[in-house]
Amino acid sequence: MQGKIVVITGAASGIGLATTKAFLAKGSTVVMADLNRENLEKRQLELSSNGFELLAVLTDVSKESDCKNLMDTVIKKYGRIDVLINNAGISMRSLFHKLDLSVIHKLMDVNFWGTVYCSYYAVPHLLKTKGSLVAVTSVAGKHGLPGRTGYSASKFAIQGLMETIRIENLKSGLHVLTFAPGFTATNVRRSALTSDGSPQGDSPLRETKLMQPDQIGKRIYKATKKKKREVVV
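What you see is a predicted model; the values in this text were computed from it and never measured.

**With respect to the packing of aromatic side chains**
Here is step 1: The full count for this structure, using the stated rule, is four aromatic pairs.
Here is step 2: Judged by centre distance (5.0 Å) and plane angle (90°), the rings of Y120 and Y121 are edge-to-face.
Here is step 3: Y120 sits in the exposed class, given a relative accessible area of 58%.
Here is step 4: Of the aromatic side chains, those joined through ring pairs into one cluster are F112, W113 and Y117.

Listed below in structure tokens is the structure:
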């Protein structure tokens, strides 16, 4: 992966940041995309001061124009894209019958449509490099989880999207990977949306008992390098 141009969404924290560090450590050039300007600028400064080659692009993946701008910016600066890791996402906590439907719309806009938009504008470039298209899904995309209807539905949708893109490109050289972590200690639970769309706040789970982001980031790197089809942690 030395010298590869790797685009990672949701890169300023959690699994995205851990994956960024894993690729940088192996000599890749990483383009960090995130919605949180403060975190993005902070992480870019920290990592670049350590001598790593990276670019930060403020991106709201729920907006098609932002995703197009992200890929256009990468191509303008580096001329190619070797890997896209669709990692940006949000979660939720609410029983379905108590849920405001706007919450599911939000989950689909960020998780599913964010993956659609970024992949759509990256795939033409990935085909040229015979690169890797990666989506960080979830065990919730393999089996429905109570209180997470919108989250599970969005992850199931991503699974179907990626499997179909893989089948369509069996002979094109495009590598497609779905990576499904289990419960991981990140901020995604604290920012999970409740029934009315407000953030959950404190996580109800024992964070110390969960997998750590660095473990997941390293495994995403290895799975991408080895061109795995699917990993479920």
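**Points about the sheet that holds strand β7 (residues 230–232)**
Here is step 1: With parallel pairing, seven strands are arranged side by side in an open sheet as β3-β2-β1-β4-β5-β6-β7. Every other strand in the sheet has two partners, leaving β3 (54–58) and β7 as the edge strands with one partner each. With direction set aside, neighbouring strand axes in the sheet form an average angle of 15°.
Here is step 2: Across three bridges, the pairing between strand β1 (residues 5–9) and strand β4 (residues 83–86) is parallel. Note on β4: the bridge partner recorded for V7 is L84.
Here is step 3: Packing against the sheet, helix α6 (residues 213–225) makes contact with β4, β5 (132–136), β6 (175–180) and β7, and its axis sits at approximately 155° to β6.

**Description of empty space enclosed by the protein**
Here is step 1: One pass over the structure, following the stated rule, counts one cavity of 30 Å³ or more.
Here is step 2: Here the largest cavity is characterised by a volume of approximately 30 Å³.
Here is step 3: Residue lining of the largest cavity: T9, V61, N86, N87, A88, V110, N111, G114, T115 and C118, and that is the complete set.
Here is step 4: The element that contributes the greatest number of residues to the lining of the largest cavity is helix α4 (residues 101–129), accounting for five residues.
Here is step 5: Here the residues of the lining of the largest cavity are counted per class, giving four nonpolar, six polar and no charged.

**A look at α6**
Here is step 1: A rise of 1.5 Å per residue sets the reference length of α6, with its 13 residues, at 18 Å; its end C-alpha atoms lie 18 Å apart and thus fit the reference within 8%.
Here is step 2: Of all the residues in α6, the buried ones are P213, I216, G217, I220, Y221, A223 and T224.
Here is step 3: Looking at the buried side of α6, the elements it contacts are α1 (14–25), β4, β5, β6 and β7.
Here is step 4: Where α6 terminates, the next one or two residues include K227, which has phi positive at roughly 55°.

**Remarks on the side chain of T9**
Here is step 1: Mapped onto the elements, T9 comes out in strand β1.
Here is step 2: Note on T9: relative accessible area 2%, which makes it buried.
Here is step 3: Engagement of the side chain of T9 in a polar contact is seen with the backbone nitrogen of A88, the distance being 3.0 Å.
Here is step 4: Excluding residues within four positions of it along the chain, T9 makes contact with A33, V61, L70, I85, N86, N87, A88 and C118.

Cut-off values and rules
- Residues numbered from 1 in each chain as written.
- Predicted model: local features only at pLDDT ≥ 70, side-chain atom pairs only at ≥ 80, totals over all residues.
- Heavy atoms only, no water.
- Phe/Tyr/Trp six-rings, centres within 6.5 Å; stacked < 30°, edge-to-face > 60°.
- Buried < 20%, exposed > 50% of the residue type's maximum accessible area, 1.4 Å probe, protein only.
- Pairing = 2+ DSSP bridges.
- Helix = DSSP H or I, 4+ residues; strand = E, 2+ residues; numbered from the N terminus.
- Axes fitted to C-alpha atoms, helices over the stretch in contact; angles between N-to-C directions.
- Contact = heavy atoms within 4.5 Å.
- 1 Å grid on protein atoms, 1.4 Å probe; cavity = no way out; pocket = protein on both sides within 12 Å on 5 of 7 lines; lining within 4 Å.
- Points joined across faces, edges and corners; volume = space filled by probe spheres on them.
- Nonpolar A, V, L, I, M, F, W, Y, C, P; charged D, E, K, R; others polar.
- Expected span 1.5 Å × (residues − 1).
- Polar contact = N/O pair within 3.5 Å; in protein donor to acceptor, adjacent residues only side chain to side chain.

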